[in-house]
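Breakdown of the fold
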Amino acid sequence: MYHYTDSGLDNIYLVNGFTKAVTPYGDAVAIEDLDGLHKAIGRWLVNEPKPLNGTELRFLRHELDLSQKRLGSMMGKSEQAIRRWEKAADKAIDSIADRFVRIIYSSLIDGNVEITELIEKLSQADQTERAACRLEELDGRWRVAA
């Protein structure tokens, strides 16, 4: 087995899917399908029945290619809040944030466009003024007017 620490997580062990080699610069390890490995780690994290900690949050955020500022914006939190959670590496993050990060990761990795678009709309809710809502009644049902 290979103790895979390049993910930033200290509890990942690979049974196979890697090759060890000796180079003039020292021992080396080549990982097969690194992207697939990281997706498998991410899926494992979001399906684990324990709260995410700061290190796990950082891993998922990096896999989503989101800055601390962008993730904070999506969650309605400050960049500093994300930074504090990540810095407290072994401490569980806020339970609502935990659930939100799991939803974000699962929807983006699995390509659920509808959830991703909803999250994006919600993240912009604080940034825009409310527009007038125009409604019309058609065939006995009220609808937003086109």
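Only a predicted model underlies this, so the values are computations on that prediction, with no experimental measurement involved. (Residues numbered from 1 in each chain as written. Predicted model: local features only at pLDDT ≥ 70, side-chain atom pairs only at ≥ 80, totals over all residues. Heavy atoms only, no water.)

1. Some thoughts on the pairing of strand 6 (residues 141–144)
In this structure, strand 5 (residues 135–138) lies alongside strand 6, joined through four bridges in antiparallel fashion. Paired with glutamate 136 across the two strands is arginine 143, which belongs to strand 6. What sits between the antiparallel neighbours strand 5 and strand 6 is a turn of two residues, in which aspartate 139 has the positive phi angle 50°. (Pairing = 2+ DSSP bridges. Helix = DSSP H or I, 4+ residues; strand = E, 2+ residues; numbered from the N terminus.)

2. Brief notes about the environment of valine 15
Relative to the helices and strands, valine 15 is located in the loop between strand 2 (13–14) and strand 3 (18–23). Judged by its relative accessible area of 63%, valine 15 is exposed. It is 4.8 Å that separates the C-alpha atoms of valine 15 and methionine 1, two residues lying 14 residues apart in sequence. (Buried < 20%, exposed > 50% of the residue type's maximum accessible area, 1.4 Å probe, protein only.)

3. As for unusual backbone geometry
In the Ramachandran plot, aspartate 33 falls in the positive-phi region, its phi being about 50° despite a non-glycine side chain. Position of aspartate 33 relative to the elements: it lies in the loop between strand 4 (26–31) and helix 1 (34–47). In this structure aspartate 33 comes out as exposed when scored by relative accessible area, which is 56%. Despite not being glycine, aspartate 139 has its phi angle at roughly 50°, a positive value.

4. Brief notes about the packing of helix 2 (residues 54–63) against helix 4 (residues 79–87)
Contact pair helix 2 / helix 4: the axes reach a minimum separation of 6 Å and the direction vectors enclose 120°. Relative to helix 4, helix 2 is oriented oblique. Between helix 2, through Gly54, Thr55, Leu57, Arg58 and Arg61, and helix 4, the contact on the second element is made entirely by Ile82, Trp85, Glu86 and Lys87. When grouped by side-chain class, the residues that make up the contact of helix 2 with helix 4 number three nonpolar, two polar and four charged. (Axes fitted to C-alpha atoms, helices over the stretch in contact; angles between N-to-C directions. Parallel < 35°, antiparallel > 145°, perpendicular 65-115°, else oblique. Contact = heavy atoms within 4.5 Å. Nonpolar A, V, L, I, M, F, W, Y, C, P; charged D, E, K, R; others polar.)

5. Quick word on helix 4
Within helix 4, burial applies to Ala81, Ile82, Trp85 and Glu86. An end-on view of helix 4 places all buried positions within 130° of arc, on one side of the element. Away from the buried face of helix 4 by more than 90 degrees, exposed residues Arg84 and Lys87 are located. Where the residues of helix 4 are buried, they touch helix 2, helix 3 (68–75) and helix 5 (95–109). (Arc of directions from axis to C-beta.)

6. Some words on the nonpolar core
Counting 28 residues, the largest nonpolar core has Ile41 and Leu60 as its most contacted members. Among the secondary structure elements, those contributing two or more residues to this core are helix 1, helix 2, helix 3, helix 4 and helix 5. Element by element, the count of residues in this core is highest for helix 5, at five residues. When residues no more than four places from it in sequence are discounted, the contact partners of isoleucine 41 are Tyr4, Ser7, Leu9, Ile12 and Phe59. (Core = buried A, V, L, I, M, F, W, Y, C linked by side-chain atoms within 4.5 Å.)

7. Considerations on the pattern of salt bridges
Summed over all chains, the structure comprises five salt bridges. As a salt-bridge pair, arginine 58 and glutamate 86 come within 3.7 Å of each other at their nearest N and O atoms. Within this pair, whereas arginine 58 is found in helix 2, its partner glutamate 86 is found in helix 4, the two being separated by 28 residues in sequence. In this structure, a network of salt bridges that share partners links the residues Arg58, Arg61 and Glu86. (Salt bridge = Lys/Arg side-chain N within 4 Å of Asp/Glu carboxyl O.)

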